[in-house]
Amino acid sequence: MKKEPLCAVSLDFQSAFDKISHTYLQEILQTYGFGNQLVEGLMGLYKNAVSEVQIYGFRSNPIPIRSSIRQGCPLSMQLYTLCINPLLHKLDQKLAGVRIGRGRAKTVTVAYADEVTVLLTT
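Throughout, a residue's number is its position along its own chain's written sequence, starting from 1. pLDDT decides what is reported in this predicted model: residues at 70 or higher carry local features, side-chain atom pairs at 80 or more are listed and counted, and totals for whole chains, interfaces and linings draw on all residues regardless. Values shown for side chains rest on all heavy atoms present in the structure; no hydrogens or waters enter the calculation.

J.: Could you give an account of the sheet that holds strand E8 (residues 109–112), with specific residues and numbers?
T.: Pairing between strands is defined by DSSP: at least two bridges between them are needed. Going along the chain from the N terminus, every DSSP run of H or I of four or more residues is numbered as a helix, and every run of E of two or more is numbered as a strand. Read from one edge to the other, the open sheet built from three strands follows the order E1-E9-E8, with strand pairing classed as antiparallel. Lying at the two open borders of the sheet, with one neighbouring strand each, are strand E1 (7–12) and E8. Each strand of the sheet is rotated relative to its neighbour by a mean of 15°, with strand direction disregarded. Contacts from helix H4 (residues 76–94) reach E8 and strand E9 (115–120), with the element oriented near 165° to E8. In this description, a line fitted to the C-alpha atoms serves as the axis of each element, helices being fitted only across the stretch in contact, and the angle between N-to-C directions of two axes falls anywhere from 0 to 180 degrees. Note on contacts: a residue pair is in contact if any heavy atoms of the two residues lie within 4.5 Å.

J.: Explain the packing of helix H2 (residues 22–31) against helix H3 (residues 36–44) to me, using residue names and the numbers behind them.
T.: Packed helix pairs are characterised by how far apart their axes lie and by the angle those axes make with each other. Put simply, H2 and H3 touch, their axes get as near as 10 Å, and they point 160° apart. Classified by the interaxial angle, the pair formed by H2 and H3 is roughly antiparallel. As H2 runs across H3, the sense of the crossing is right-handed. Each of His22, Leu25, Gln26, Leu29 and Gln30 in H2 lies in contact with H3, whose residues at this interface are Val39, Leu42 and Met43. Nonpolar residues are Ala, Val, Leu, Ile, Met, Phe, Trp, Tyr, Cys and Pro. Charged residues are Asp, Glu, Lys and Arg, and all others, Gly as well, are polar. When grouped by side-chain class, the residues that make up the contact of H2 with H3 number five nonpolar, three polar and no charged. Each angle is binned into one of four classes, with values under 35 degrees roughly parallel, values over 145 roughly antiparallel, values of 65 to 115 roughly perpendicular, and all other values oblique. For a crossing to be left-handed, the near helix must be turned anticlockwise from the far one by less than a right angle; the clockwise case is right-handed.

J.: Would you mind going over H4 in detail, with residue names and values included?
T.: Between the first and last C-alpha of H4 there are 28 Å, a value that for 19 residues agrees with the 27 Å anticipated at 1.5 Å per step. If you look at H4, its biggest bend is around 35°, right at Ile84, and the proline Pro86 turns up within four residues after that. Working definition: with a 1.4 Å probe on protein chains only, accessible area under 20% of the residue-type maximum means buried, over 50% means exposed, and in between means partly exposed. Considered for burial, the residues of H4 that qualify are Ser76, Leu79, Tyr80, Leu82, Cys83, Ile84, Leu88 and Leu91. Contact partners of the buried residues in H4: helix H1 (16–19), H2, H3, E8 and E9. Under the convention used throughout, the expected extent of a helix is 1.5 Å for every residue step, that is, one less than its residue count. Two axes are fitted around each residue, one to the seven residues ending there and one to the seven starting there, and the angle between them is reported as the bend at that residue.

J.: Just give me the short version of the packing of H2 against H4, but keep the residues and values in it.
T.: At a minimum axis distance of 10 Å, the contact between H2 and H4 shows a crossing angle of 80°. For the element pair H2 / H4, the angle class is roughly perpendicular. Residues Tyr24, Leu25, Ile28 and Leu29 of H2 touch H4, and the partners they reach there are Leu79, Leu82, Cys83 and Pro86. Partitioning the contact of H2 with H4 into residue classes produces eight nonpolar, no polar and no charged.

Right under this line is the structure:
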């Protein structure tokens, strides 16, 4: 309506839950001010986690898991949200975004699960 250029960039953080490092997760939790007891309890779920591969009845040696948020964990979406929030905040700070409606605050990103849409202008 304003005849201004607009670009919508869709980012799909496919398999994002698998890529979050446990070190980063711990740093994020501490940065947000969660208590040591809660952080240690959550990190205890991931500390010394291993996986094995079984092929034709033969098991591999244990493989240490240093990244990912457990599938099916009731906290997985909240933990992922805490981890991606710094990126969304930085985009809001650095980009102009667009105003939707009269006098409303600018909108730079729209995030839903592992999908993020970034609205760019000039």
